[in-house]
Amino acid sequence: MPVKRTEKTRMPAREARVRARDFQEVNRGYTTFHAAFEAERCLRCQEPICVDGCPVKIPIPDFIHAVAIGDMAGAAKILRTSNPLPAICGRVCPQEIQCESECSMVKRCESVAIGHLERFVADWERTRPLAVMAATTRKEKIAVIGAGPSGLVCAGELARLGYPVTIYEALHAPGGVLRYGIPEFRLPKAVLDWEIGVLKATGVEIVCNVIIGKTLALDELLDKHGYAAVFIGTGAGLPQFLGIPGENLNGVMSANEFLTRINLMRAYEFPEADTPVRVSKRVAVIGAGNTAMDAVRTALRMGADEASIVYRRSEKEMGARVEEYHHALEEGVKFHWLTNPLEVVGNAEGWVTGLRCQRMKLGEPDASGRARPIPIVGSELLLPVDNVILAIGTTPNPLLTRTTAGLLTNKKGCLVADEQTGQTPKARVFAGGDAVTGAATVILAAGAGKRAAQAIHDALAPRR
Amino acid sequence: MPRILETRRLTPVTKYFRIDAPLIAASAQPGQFVILRVREGGERIPITIADYDRDAGSITIVVQEVGATTKRVCALEAGEEILDVAGPLGSKVEVPPGGHVCGVGGGFGAAALLCLMRELTVRGDRTTAILGARNRDLLILVDEVRPLCRNVELCTDDGSAGFKGFVTQRLAQMIRGEGPGRPDHVIAIGPMAMMRAVAETTREAKINTLVSMDPLMVDGTGMCGGCRVTVGGRAQFACVDGPCFDAHQVDFEEAMRRNKQYAREERQAADRLACAAAGE
Ligand code: FES
């Protein structure tokens, strides 16, 4: 019987003052006790609508029930058959707008902490020896382009269905945004490496340093290298700039550059690691999505005295997950809401000294449905800062589409592909994740990868 | 991991490498580059592809020791492997066919002229290479470039080989009709200051000029924007849109300033490496 408690079991987190200065994970994770205590709250609805809120359709009440009765192995198995990256999704998914927002309890009290439980089960699984599940039973080879969330999940699914799969990754290490974008304190590399290890154990081959579209053409994969189908999961990695004066001053960089230097290239270990990053005393991050939160919290950990968010809309329109926002607040990040950057100001040597901004007020909703920010006349101000980090969004990288005939992109540079199957206008080529949707979430990309894997399977092994 | 097939010291600070990299050799084009990494925790550094041999499946690069990472690369010998080699990256050099093309190679920039001059000569362009260095001993790959183009002009600051003076002075003479004569297209590869001087030399004569920009890079695939260069007032990513750009449109001053962003850290890393070497 479910136990009535109105509040979620809180996620234990490290003390803000301490954690804001190191890169260790913020959340500690549930103990077995916490997990059992929280799992008891699940109502086990006859028609679990929480599952509808999950892009990969995890049978949520089933795995939670397994936790409640102490069957961790059972819970892990349920999770893994529907989500190949549970330890990652349990950490980075915006559950509050997905499964947890659909939870029947939300109407009366707090939802079940589905995300925390997912993470708990996946972490439990990581302490066990790897159970290898797949065996190659099919002869058609499949190529996956990009070892980010959608590519990893697509490859994992295809391997589970028995296909030999090779992932081609442009960088020197797999993971995509999970490696270069999301910081250690939110997603430890050990967790990512473990999940990738699971994939490799199921037979997925990962080849790094190969840029499809440059090193090899996509058509070569199909025609010369004998792949029966190709999945494109190249993400949305192209950083956008504002186009305001002073943007190329020394000390201005994209969040992608900042985070890549630190996460992928380990600049926090400089000079032991060779790639440096310059973090000054006062850092301003422009934007208020998850990437902006990652960048601003990373700046604190790299030793900034003051790290602030500059955003032209208000707290309500912010794109970041609630948890990240709260963590940032606790850690001492400052927020300049309704503040629009006009110009980066520099000194004679070309280094940033400030950010000239203008105050805004909110007007009618614009095309995006969010309130349109309107400048307030005569409200200019100068924020004294020595680093400006732009986290105003990314678009799909045009590298592959520029060099491949038969693919189509829309106005925003996103690949055209069927929403359900991921089929592109080009035969035998599928696509999914941020490359198709534009920058979205890990789990949406995972869902697209999973559906495309099924579509590839349906195409190659039609069900009679 | 790609294996080094052959190495050669060209000058005390430059080294020639032929590397087994069949996929890159098969698709490389003049003007493109590779990204190298030589150790765990190492930097990703861009190096221009000097040449490629599609049949042998090898590429050639020339590395100049300027910092810790390039020193580490130059310590490698034939038979050893390079941790990561990714490419070919960037776009190929585009020159309209049929004209007189002058490739200007300053210092180790001469290396990049190998495949470029060969391709242009083979397709029937009239080709001239101007190779410049401080003195005769620092001129590199002269014998290799010579058979690949119609004319080779050598320049040294001290006159120890060829023309006494800068590459730009010889180029100016050519523009006035001397030597191999006025070029229709100029492509300059080498130190930023030299490329800027070439841009100034050809600007008034309105000669199409390309320069191969060498900004700081991280990924080399268009992901970070660290390599952005202002060309004609617009930000361009050198690793994707370049590295070759219209010389008369490039904001060299900004590019040179941006290249020094990490000068302090680069010195620190080089000193550290030198100390480690001395301690051995
Ligand atoms: S090096 Fe990162 S975008 Fe060019």
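Residues numbered from 1 in each chain as written. Chains lettered and ligands numbered in written order. Predicted model: local features only at pLDDT ≥ 70, side-chain atom pairs only at ≥ 80, totals over all residues. Heavy atoms only, no water.

Novice: Provide a residue-level description of the overall build of chain B, including the pertinent values.
Specialist: For chain B, the count of helices and strands is 8 helices and 16 strands. Its C-alpha radius of gyration of 18 Å places chain B within 12% of the 19 Å reference for a compact globule of 280 residues. C-alpha extents for chain B along the principal axes are approximately 55 × 40 × 40 Å. The proportion of buried residues among the 280 residues of chain B is 58%. Taking as baseline every contact in chain B between residues at least 6 positions apart, the subset at least 24 positions apart corresponds to 63%. Of the roughly 11,400 Å² of accessible surface on chain B, a fraction of 48% belongs to carbon and sulfur atoms. (Helix = DSSP H or I, 4+ residues; strand = E, 2+ residues; numbered from the N terminus. Rg over C-alpha atoms; globule rule 2.2 N^0.38 Å. Buried < 20%, exposed > 50% of the residue type's maximum accessible area, 1.4 Å probe, protein only. Contact = heavy atoms within 4.5 Å. Areas by Shrake-Rupley, 256 points an atom, 1.4 Å probe, with all protein chains shown as cover.)

Novice: Explain the environment of Val85(B) to me, and be specific about the residues and the numbers.
Specialist: Summarising the element assignment, Val85(B) is placed in strand 7 (residues 84-89). Considering only alpha carbons, one finds Val85(B) and Gly233(B), 148 residues apart in sequence, at a separation of 33 Å. Other than its neighbours up to four places away in sequence, Val85(B) contacts Asn209(A), Pro2(B), Ile24(B), Val34(B), Ile35(B) and Leu36(B).

Novice: Give a detailed account of the interface of chain A and chain B, specifying residues and quantitative values.
Specialist: The interface is formed by 42 residues belonging to chain A together with 43 residues belonging to chain B. Summed over both sides, the interface between chain A and chain B buries roughly 3,700 Å², with carbon and sulfur atoms accounting for 52% of that surface. Counting across the chain A and chain B interface gives 5 salt bridges. For Asp274(A), the salt bridge is made with Arg39(B), and the minimal N-O distance between the two is 2.5 Å. Between chain A and chain B we count 26 residue pairs in polar contact (both at pLDDT 80 or more) in total. Where the side of chain A that touches chain B is concerned, the elements lending two or more residues are strand 5 (238-239), strand 6 (252-254), helix 12 (255-264) and helix 15 (399-403) of chain A. (Buried area = accessible area lost by both parts, 1.4 Å probe. Salt bridge = Lys/Arg side-chain N within 4 Å of Asp/Glu carboxyl O. Polar contact = N/O pair within 3.5 Å; in protein donor to acceptor, adjacent residues only side chain to side chain.)

Novice: How would you explain the packing of helix 2 (residues 32-39) of chain A against helix 3 (residues 60-68) of chain A if you had to name every residue and give the values?
Specialist: All names here are of chain A. Packing of helix 2 against helix 3 brings their axes to within 8 Å, and their N-to-C directions diverge by 125°. In this view, helix 2 runs oblique relative to helix 3, as classed from their interaxial angle. Our pair here, helix 2 against helix 3, has a crossing hand that is left-handed. Note on element contacts: helix 3 touches helix 2 through Ile64, Val67 and Ala68, opposite Ala35, Ala36 and Ala39. Of the residues that constitute the contact of helix 2 with helix 3, the class distribution is 6 nonpolar, no polar and no charged. (Axes fitted to C-alpha atoms, helices over the stretch in contact; angles between N-to-C directions. Parallel < 35°, antiparallel > 145°, perpendicular 65-115°, else oblique. Left-handed = near helix turned anticlockwise from the far one by under 90°. Nonpolar A, V, L, I, M, F, W, Y, C, P; charged D, E, K, R; others polar.)

Novice: Provide a residue-level description of the domain arrangement of chain A, including the pertinent values.
Specialist: Residue and element names in this part refer to chain A. Entries for chain A in the domain assignment read domain 1 (25-126), domain 2 (142-236 + 394-463) and domain 3 (241-390). Contacts between the two partners involve 21 residues from domain 1, matched on the other side by 25 residues from domain 2. Summing the contributions of domain 1 and of domain 2, the shared interface buries around 2,000 Å²; its carbon and sulfur component is 73%. Summed over the three residues of domain 1 that lose the most area to domain 2, namely Leu85, Ile88 and Arg126, the buried surface amounts to 28% of that side. Scanning the region where domain 1 abuts domain 2 turns up 1 salt bridge. (Domains from an automatic or database assignment.)

Novice: Before we move on, could you go through the packing of aromatic side chains and cite the residues and values that matter?
Specialist: Applying the stated criterion across every chain yields a total of 9 aromatic pairs over all chains. Between the aromatic rings of Phe241(A) and Phe237(B), the centroid separation amounts to 6.1 Å while the plane-to-plane angle is 85°, which identifies the pairing as edge-to-face. One end of the pair, Phe241(A), is in the loop between strand 5 and strand 6; the other, Phe237(B), is in strand 15 (residues 234-237), on a second chain. Judged by its relative accessible area of 22%, Phe241(A) falls in the partly exposed class. The buried category is assigned to Phe237(B), whose relative accessible area is 9%. In this structure an aromatic cluster arises from ring pairing among Tyr311(A), Tyr325(A), Phe335(A) and Trp337(A). (Phe/Tyr/Trp six-rings, centres within 6.5 Å; stacked < 30°, edge-to-face > 60°.)

Novice: Pulling in residues and values, what's your account of the sheet that holds strand 1 (residues 4-11) of chain B?
Specialist: Residue and element names in this part refer to chain B. Read from one edge to the other, the open sheet built from 4 strands follows the order 1-2-6-5, with strand pairing classed as antiparallel. Among the strands making up the open sheet, the edge pair consists of strand 1 and strand 5 (51-53). In this sheet, adjacent strand axes meet at a mean angle of 20° when their direction is disregarded. Pairing analysis gives 7 bridges linking strand 2 (residues 14-20) to strand 6 (residues 58-64), with the strands arranged antiparallel. Of the residues in strand 6, the one forming a bridge with Lys15 is Val63. (Pairing = 2+ DSSP bridges.)

Novice: Give a description of helix 6 (residues 192-203) of chain B that names residues and reports values.
Specialist: All names here are of chain B. For helix 6, which comprises 12 residues, the first-to-last C-alpha distance of 16 Å matches the rise-based estimate of 16 Å (1.5 Å per residue) to within 8%. Buried within helix 6 are the following residues: Met192, Met194, Met195, Val198, Ala199 and Thr202. Down the axis, helix 6 shows its buried residues gathered within 160° of arc, on one side only. Summarising the contacts, the buried residues of helix 6 are in contact with strand 8 (100-106), helix 5 (167-175), strand 12 (185-189), strand 13 (208-212) and helix 7 (252-259). (Expected span 1.5 Å × (residues − 1). Arc of directions from axis to C-beta.)

Novice: Quick rundown of the pattern of salt bridges? Include the residues and the values.
Specialist: All names here are of chain A. A full pass over the atoms with the stated rule returns 54 salt bridges over all chains. Between Glu330 and Arg19 there is a salt bridge, and its shortest N-O distance comes to 2.8 Å. Taken together, the residues span a long stretch of sequence, with Glu330 in helix 14 (residues 322-331) and Arg19 in helix 1 (residues 16-19) at a distance of 311 residues. A relative accessible area of 47% means that Glu330 is categorised as partly exposed. Ionic pairing is found between Arg266 and Glu269, a salt bridge with its closest N-O pair at 3.2 Å. Assessed through its relative accessible area of 29%, Arg266 is described here as partly exposed. One connected set of salt bridges, linked through shared partners, spans Arg19, Arg186, Asp294, Arg297, Arg301, Arg321, Glu323, Glu324, Glu330 and Glu331.

Novice: Describe unusual backbone geometry, naming the residues involved and giving the relevant values.
Specialist: Omega for the bond connecting Phe270(A) with Pro271(A) falls within 30 degrees of zero, at 5°, which places this linkage in the cis form. Following Gly87(B), the chain continues into Pro88(B) via a peptide bond in cis, with omega recorded as -5°. Checked against the element boundaries, Pro88(B) lands in strand 7. Of note, the phi angle at Asn209(A) is positive, near 65°, even though the residue is not glycine. Tracing the backbone through its elements, the reader meets Asn209(A) in the loop between strand 3 (205-207) and helix 11 (218-223). In the Ramachandran plot, Arg266(A) falls in the positive-phi region, its phi being about 60° despite a non-glycine side chain. Counting through the fold element by element, Arg266(A) comes out in the loop between helix 12 and strand 7 (282-286).

Novice: So what's going on with the packing of helix 5 of chain B against helix 6 of chain B? Which residues, and what values?
Specialist: Residue and element names in this part refer to chain B. Two numbers describe how helix 5 lies on helix 6: the axes approach to 10 Å, and their chain directions differ by 20°. Classified by the angle their axes make, helix 5 and helix 6 are roughly parallel. Every pair of crossing elements has a handedness; the one defined by helix 5 and helix 6 is right-handed. For the pair formed by helix 5 and helix 6, the contact residues are Val167, Thr168, Leu171, Ala172 and Ile175 on the first element and Met194, Ala197, Val198, Thr201 and Thr202 on the second. Considered class by class, the residues forming the contact of helix 5 with helix 6 number 7 nonpolar, 3 polar and no charged.

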